[in-house]
Amino acid sequence: MTEESGAIDTPPEQSARDARIHRRLDLAVALFFLVLGLIVLQQVWTELPLMRMRQVGPGMLPFGVGCILVAMSSMLVWQNLRGEAPAGDPSIPTLLEGSRVVAVVVMLVAAIGLAPVLGTLVTLGLFIFLELRMVERRSPLLSVATAVLITLFIYITFEALLGVALPAGVLGLR
Amino acid sequence: METLSLLGDGFIIALSWENLVWVIFGTIMGTLVGALPGLGPTAGMAVLLPFAFTLNPTSALIMLGGIYYGAMYGGTITSVLLNIPGESDSIWTALEGHKLAQKGRGGAVLIIAAVMSFAAGTASLVLLVALAPQLARWALSFGPAEQFGVLLIGLAMISGLSSKQPVRGWMMLAFGLGIGMVGLDIVTGTPRFTFGVDRLLDGLDFLPVTVGMFGVAEVLANVERNMRVTADTSLGFRDMLPTREEWRKSRFPALRGTLIGFFIGIIPGSGTTMAATASYAVEQRVSRRPEEFGNGAIEGVAGPESANNAATSGAMVPILSLGVPSSPATAVLFGAMLMQGLRPGPLLFQTNPTVIWGFLASMYVGNVILLILNTLFIPAFTKMTVKAVPILNAFVLVLCFVGVYAFRNSLFDVGVMLTFGVIGYLLNKLSYPTMPLILGIVLGDVAELTLRQSLIISRGDPMIFFSSPIAATLMTVAILVIVLPFVARLRRRFAAVKPTPKPNPTANQDV
């Protein structure tokens, strides 16, 4: 069996809140794609000719892509403004669930920034420890042991066997 | 005869010690990936894509293929024993198989599932080997206009079928095509959507985008769910050997499942879940004891398990013979082929026969290995799965990080991977299908090339797409596939808002 942190029986007020947030998020994404489509069409208009020397130019397919994006996202915006429920599961992550995802993304961004400073293996070892300890709430022993073993696995596989030069840190550590 | 001779050569390649190692590695990884909740075959293939890049084309395809069809077997173990479908195509197995496991028949169900999967996998490979080269030979006569027609059908079917709302599918396809267009134009060399950033002149590579969309996005969803396996994993095989009655009941469902799975697998956008679901529905309908379904019917395991295995072979037909991937996993395989310098499609059988026949033969070998793994090592796989879950997220993320970095020694690529991981996670949450997006990225270049070649040949006349009977048929089918989902939706909407008859003002007087 699996246990998941989310509530199993969602109370009606939470369902209504989830549906409202879901609709707003859906509208935001549709608007994002509408703007993206307009940017694509603006690029075609200013930089990418549809025809060049009586042949199809580099702007032809981008023009089609821009038109599809604008048309489809406009339909979604219209549906949303008319109050139609967006497709899919309207369950919105709780604050705790959302914060776990944000924490992992922030840690990965930090790992990209820290790899050339601390060295890739040191950084990834730290990442594994923090992810297991802080996000997944595993025991300190399991977190340290897993961090060491996975880092060792990465070193053996990528550095020793495949010869990949992972970025070294300022102290020369990988 | 020629096909058999080529397949024989393929077996010599597949059975070389080096390729045998990669078949075994791929099938073990596939079984684990299929068994682990929250990590499907597509994510598994995407995560191991950087590894594939370090191998020769044959070994790379053999390994990725092993993961793909191995995952179909792996999903059975946790579905039956723990009631955790590793993938959506295992839900029927979980529904029926776990009920049987609770009655002490878990071991027997797994043996039946493994044997029927093996039979379906092997039989569908015979169909694949018979069909794909013939289709490829026919497709060799295609010019750019016909090729564009085939691609358009594939893209349209996947965009229309991959979501309940075709609008979302088409939006994702356009987004994918847009991502694929970043960089230099393939014909004129004009920079497109680079916004003055030199790094973007090479374009956004398929690998970091795919690893992000499938690997990182899946892990972020798992992190959100915070899944913990707490089941008792003592297997309790009271009777490992299936009874004669269980074998008898499973034969015809497996046969029907094989045929249903193979032919559904060929259809772009259908996937293994649709194959398993169709097989389950058929078995329920033809059964003399439909009341057993939902309470532990062995037919409900044998049929869908055979169907999802056969569907993996069916899905290989369009990619190998026409160059059109029909599922997310085959889209990753398609991208891997491109990365290895291969051009998936009808020419593959002529230009790279050793690669393609070695790959096809390795699928037979892989099925035998999977039968051994899934009958003799079931307890070991179950224990490994349960032990792996707590460290899975961290491990997969680190593997994605280092794998993508190793591809071009670039932390920029790792950043691209993370960006698309977040985008993929959000799109999944809002039910935007990711399949058309990834297909837009991998097929965008080919579709644009064939479109522009056609128009160059015709000096800009679009009627070239209707100039030959084949091209005209393909384009007509493509247009119908594009238009019909929208028409059907509009009809449903009009039917829903049809005005109800006004109440009769005199009605009250009668009461």
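Residues numbered from 1 in each chain as written. Chains lettered and ligands numbered in written order. Predicted model: local features only at pLDDT ≥ 70, side-chain atom pairs only at ≥ 80, totals over all residues. Heavy atoms only, no water.

All right, on to the overall build of chain A then. Across its full length, chain A holds 5 helices and 3 strands. The order of helices and strands in chain A, counted from the N terminus, is β-α-β-β-α-α-α-α. Contacts in chain A between residues far apart in sequence, at least 24 positions, make up 59% of those at least 6 positions apart. Accessible surface, chain A as shown: approximately 9,500 Å² in total, 72% of it carbon and sulfur. (Helix = DSSP H or I, 4+ residues; strand = E, 2+ residues; numbered from the N terminus. Contact = heavy atoms within 4.5 Å. Areas by Shrake-Rupley, 256 points an atom, 1.4 Å probe, with all protein chains shown as cover.)

We now examine the interface of chain A and chain B. The interface is formed by 70 residues belonging to chain A together with 68 residues belonging to chain B. Note on chain A versus chain B: buried area summed over both sides is about 6,300 Å², and carbon and sulfur give 73% of it. Run the count over chain A and chain B and you get 1 salt bridge. Inspection of the chain A/chain B interface yields 6 residue pairs in polar contact (both at pLDDT 80 or more). When residues of the side of chain A that touches chain B are traced back to their parent elements, those giving at least two are β1 (2-3), α1 (12-46), β3 (55-56), α2 (60-81), α3 (95-118), α4 (120-135) and α5 (140-161) of chain A. (Buried area = accessible area lost by both parts, 1.4 Å probe. Salt bridge = Lys/Arg side-chain N within 4 Å of Asp/Glu carboxyl O. Polar contact = N/O pair within 3.5 Å; in protein donor to acceptor, adjacent residues only side chain to side chain.)

All names here are of chain B. Across all of its chains, the model carries 15 salt bridges over all chains by this definition. Among the salt bridges present, the one from Glu224 reaches Lys429, with a minimum N-O distance of 3.2 Å. One end of the pair, Glu224, is in helix α9 (residues 206-225); the other, Lys429, is in helix α17 (residues 411-429), and 205 residues separate them in sequence. Glu224 gets classed as buried once you look at its relative accessible area, which sits at 8%. Overall, Lys429 belongs to the partly exposed group, its relative accessible area being 23%. When salt bridges with common partners are traced through the structure, they connect Asp185, Arg192, Glu448 and Arg452 into a single cluster. (Buried < 20%, exposed > 50% of the residue type's maximum accessible area, 1.4 Å probe, protein only.)

Residues and elements named next belong to chain B. If you check the backbone angles, Phe195 has positive phi at about 50° while not being a glycine. Tracing the chain through its elements places Phe195 in the loop between β2 (191-192) and α9. The phi dihedral of Asn409 falls on the positive side, at around 50°, and the residue is not glycine. Relative to the elements of secondary structure, Asn409 occurs in the loop between α16 (378-408) and α17. Classification of Asn409 as partly exposed rests on a relative accessible area of 46%.

A few words now on the layout of surface pockets. Estimated volume of the second largest pocket: approximately 710 Å³. Around the second largest pocket, the lining comprises 30 residues; the ones closest to its centre are Phe153(A), Met29(B), Leu32(B), Phe395(B) and Leu399(B). For the lining of the second largest pocket, the per-class residue count stands at 25 nonpolar, 4 polar and 1 charged. (1 Å grid on protein atoms, 1.4 Å probe; cavity = no way out; pocket = protein on both sides within 12 Å on 5 of 7 lines; lining within 4 Å. Points joined across faces, edges and corners; volume = space filled by probe spheres on them. Nonpolar A, V, L, I, M, F, W, Y, C, P; charged D, E, K, R; others polar.)

So, about the confidence of the model for chain B. All names here are of chain B. On average, residues of chain B score 84 in pLDDT, and 93% of them are at 70 or above. Confidence over residues 506-511 falls short of pLDDT 50; this stretch has 0 contacts with residues more than four positions distant or in other chains. At the level of chain-chain contacts, confidence expressed as ipTM amounts to 0.87, with global pTM at 0.81. (pLDDT = per-residue confidence, 0-100.)

Scanning all chains against the criterion turns up 14 aromatic pairs over all chains. Centre to centre, the rings of Phe32(A) and Phe33(A) are 5.2 Å apart; their planes meet at 70°, and the pair counts as edge-to-face. Judged by its relative accessible area of 1%, Phe33(A) is buried. Ring centres of Trp22(B) and Phe25(B) lie 5.5 Å apart, and the angle between their planes is 90°; on these two criteria the pair is classed as edge-to-face. (Phe/Tyr/Trp six-rings, centres within 6.5 Å; stacked < 30°, edge-to-face > 60°.)

This brings us to the nonpolar core. A general feature of soluble globular proteins is that nonpolar side chains tend to end up buried together. Core analysis: the largest hydrophobic core is formed by 191 residues, its most contacted members being Ile154(A), Met63(B), Leu64(B), Leu128(B), Met316(B), Leu320(B) and Phe401(B). Here this core takes 16 residues from α16(B), the largest share from any one element. Mapping this core onto the domain boundaries places at least three of its residues in each of domain 1 (1-92) and domain 2 (93-174) of chain A. If we ignore the near neighbours within four places in the chain, the residues touching Met316(B) are Tyr68(B), Leu128(B), Leu333(B), Phe359(B) and Met363(B). Core analysis: the second largest hydrophobic core is formed by 5 residues, Ile260(B), Ile264(B), Ala275(B) and Ala311(B) among them. (Core = buried A, V, L, I, M, F, W, Y, C linked by side-chain atoms within 4.5 Å. Domains from an automatic or database assignment.)

This part takes up α3(A). Look at α3(A): 32 Å from first C-alpha to last across 24 residues, which is about the 34 Å you get at 1.5 Å a residue. If you check which residues of α3(A) are buried, you get Glu97(A), Arg100(A), Val101(A), Val104(A), Val105(A), Met107(A), Leu108(A), Ala111(A), Ile112(A) and Ala115(A). In the core, the buried residues of α3(A) are packed alongside α4 of chain A together with α9, α16 and α17 of chain B. A positive phi of about 100° marks Gly119(A), the residue just after α3(A). (Expected span 1.5 Å × (residues − 1).)

Here we come to the environment of Arg489(B). Position of Arg489(B) among the secondary structure elements: in helix α19 (residues 469-496). Put simply, Arg489(B) and Pro166(B) are 323 residues apart on the chain and 9.0 Å apart in space, counted from C-alpha to C-alpha. Arg489(B) has contacts with Gln79(A), Glu84(A), Lys164(B), Gln165(B) and Pro166(B), leaving out every residue within four places of it along the chain.

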